[in-house]
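Summary of structural features
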Amino acid sequence: MTDHYDVIVIGSGAGGGTLTHALAPAGKRILLLERGDFLPREPQNWDSKSVWVDLRYHNSGNWTDASTGEEFPPKQNYYVGGNTKVYGAILFRFRERDFRQIQHVDGVSPAWPLSYADFEPWYTRAEHLYHVHGQRGADPGEPPSAAPYRYPPLSHEPRIAQLEADFTQAGLHPFPLPVGLIYDESAPQFSPCIRCATCDGYPCLVNGKADAHIVCVEPALRYPNVTLRTRTRVMRLETDGPGHVVTRVVADRDGQAETYSADLVVVSAGAINSAALLLASASERHPDGLGNSSGVVGRHLMMHNNSSLIAFSKIPNPTRFQKTLGVNDFYFGDPADDGSFPYPLGALQMLGKNDATLIAFDAPDAEDPVDLARHSMDFWLTTEDLPLPGNQVLLGHDGRIQLRYTQTNAEAHRRLRGRFEGLLDAIQCRDTVLPGYHYLGGRLGINAVAHQNGTARFGTDPATSALDLNCKMHDLDNLYVVDSSFFVSSTAVNPTLTIIANALRVADHIAGRLGATGQQQAQPTSAAMARA
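Calculation criteria
- Residues numbered from 1 in each chain as written.
- Predicted model: local features only at pLDDT ≥ 70, side-chain atom pairs only at ≥ 80, totals over all residues.
- Heavy atoms only, no water.
- Axes fitted to C-alpha atoms, helices over the stretch in contact; angles between N-to-C directions.
- Helix = DSSP H or I, 4+ residues; strand = E, 2+ residues; numbered from the N terminus.
- Parallel < 35°, antiparallel > 145°, perpendicular 65-115°, else oblique.
- Left-handed = near helix turned anticlockwise from the far one by under 90°.
- Contact = heavy atoms within 4.5 Å.
- Pairing = 2+ DSSP bridges.
- Buried < 20%, exposed > 50% of the residue type's maximum accessible area, 1.4 Å probe, protein only.

Our next topic: the packing of helix α1 (residues 16–23) against helix α5 (residues 212–220). Packing of α1 against α5 leaves a shortest axis separation of 8 Å and a crossing angle of 45°. As far as their axial angle goes, α5 and α1 are oblique. Remark: the crossing between α1 and α5 carries left-handed chirality. Contacts between α1 and α5 involve Gly17, Thr18, Thr20 and His21 from the first element and Val215, Cys216, Val217, Pro219 and Ala220 from the second.

This is how it looks when you write it as structure tokens:
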């Protein structure tokens, strides 16, 4: 027998978890499906060898590089809360100009069909929901906002405060990073977060990170109308005869086939897995994949040009929570350029602090990794990736995920790294930089899919987009895609806040469609934790 719901949400990360939380009070019957389980809380959560070297929490298996045939372990995690369980919790708004067409060295970043102003109210709600700490006006490229941050910026520890002063002395405009942590610096004794050194890329043992599981899924499950089924992998979506409505969600739960149905179905499995599910749901009515009459499903995959770099301070760096400082002066170009390279470079921010175990992994020939770790200062560089139609998600003959991907804007990223390395003396660091290989390769390549986006772009023209402006598929009446798939460009800042803001936006649309706005308000209870 097929269980029927008002809404089925596939995936519990930044998109699906947030949307479920927003819809929970409406009183409609919601089923949240997650292919993973709850990430275990255990001492290994904070052990760098377990997390980075042994890959204890890597549970996605391998994908294949379609260009070479080689398999690789993607930076992808299947747990309640999705990739936010191990994200760095940096939650930027896209720049206002990011929503318009921008010329890059390798091509054009296209304009979005909606403007920054269309997203601004949802950005504010997203920042409040995910406990974002920040300071309005400090980031020189920050877009306008109708409201201040609800939570003040995290303070810098002494060596990072010195770094801020050194960047300022060099003519730059460093600012406090917008960080999503459940933390009150005025009363730390009452805060889950303890500002540890194992936040960025690690699961949080004390539930102090504002991830989708903690701030959205757990509160949503207190409503009796919300049910979560874990270890449930959706295999395909089936439609009615004409192919206009999804009628069955076919899943595998612990090796047993299960089917569900709903008035509305929301796919939020992440840009790559959502595209793979749509492609796997091909049928006579949808021969190229479900909802793919435009041919764009799986295409325009973007993953950013990211580099993890380790500099070494000339003085010890005893910082524990290091990820509090960013620099965006090079976002739309180099202020010192003579006009010969009038293109955006990207963003620079601090990473989590490396320890001796990771330094030994990154530099196996190091004589004294403990001393190097004592002096390490860790940075993350991001340059925009362009939406090439040939960069795409494919399915192999066995149904497994394959990616075809060619890097763009490599010259811009090289120049951004050069500008960073040119600042080493000014920020009191040695003149050598080490790639952070534990972060899947230093200059992150095809396996670094944590910033994946763009595989089912939204728009007004069904011939060139898969989704309408409410993220409903043009070709289907009851199917939505609510994760980073809808992006038409990747920008050069972390995508998660935009995923969250859009999920809140679409949730309001869906609530209205279900006639639930202001009606049938369900009440949460402490016992209704439906984890069937």
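From this point, the discussion proceeds with the structure in view.
This next bit is on the sheet that holds strand β20 (residues 434–435). Within the open sheet, the six strands sit side by side as β8-β15-β16-β17-β14-β20. Their pairing is antiparallel. At either end of the open sheet lies a strand with only one pairing partner, and these are β8 (175–176) and β20. Strand direction decides the pairing type here: strand β14 (residues 305–312) and β20, joined by two bridges, are antiparallel. Counterpart to leucine 309 in the pairing with β20 is proline 435.

Here we take up the sheet that holds strand β18 (residues 392–395). Pairing is mixed in the open sheet, where four strands are placed in the order β4-β3-β19-β18. Only two strands of the sheet have a single neighbouring strand rather than two, namely β4 (71–72) and β18. The sheet contact formed by β18 and strand β19 (residues 401–404) spans four bridges and is antiparallel. Counterpart to leucine 395 in the pairing with β19 is isoleucine 401. Packing of helix α6 (residues 271–280) onto the sheet brings it into contact with β3 (63–65), β18 and β19, and relative to β18 it is tilted by some 45°.

On strand β10 (residues 226–229), burial covers both faces: Val226 and Leu228 on one face and Thr227 and Arg229 on the other are all buried. Pairing geometry for strand β2 (residues 30–33) and β10, over four bridges, is parallel. Residue isoleucine 30 lies in a different strand from β10, and its bridge partner there is valine 226.

What is shown is where atoms sit, not what they do.
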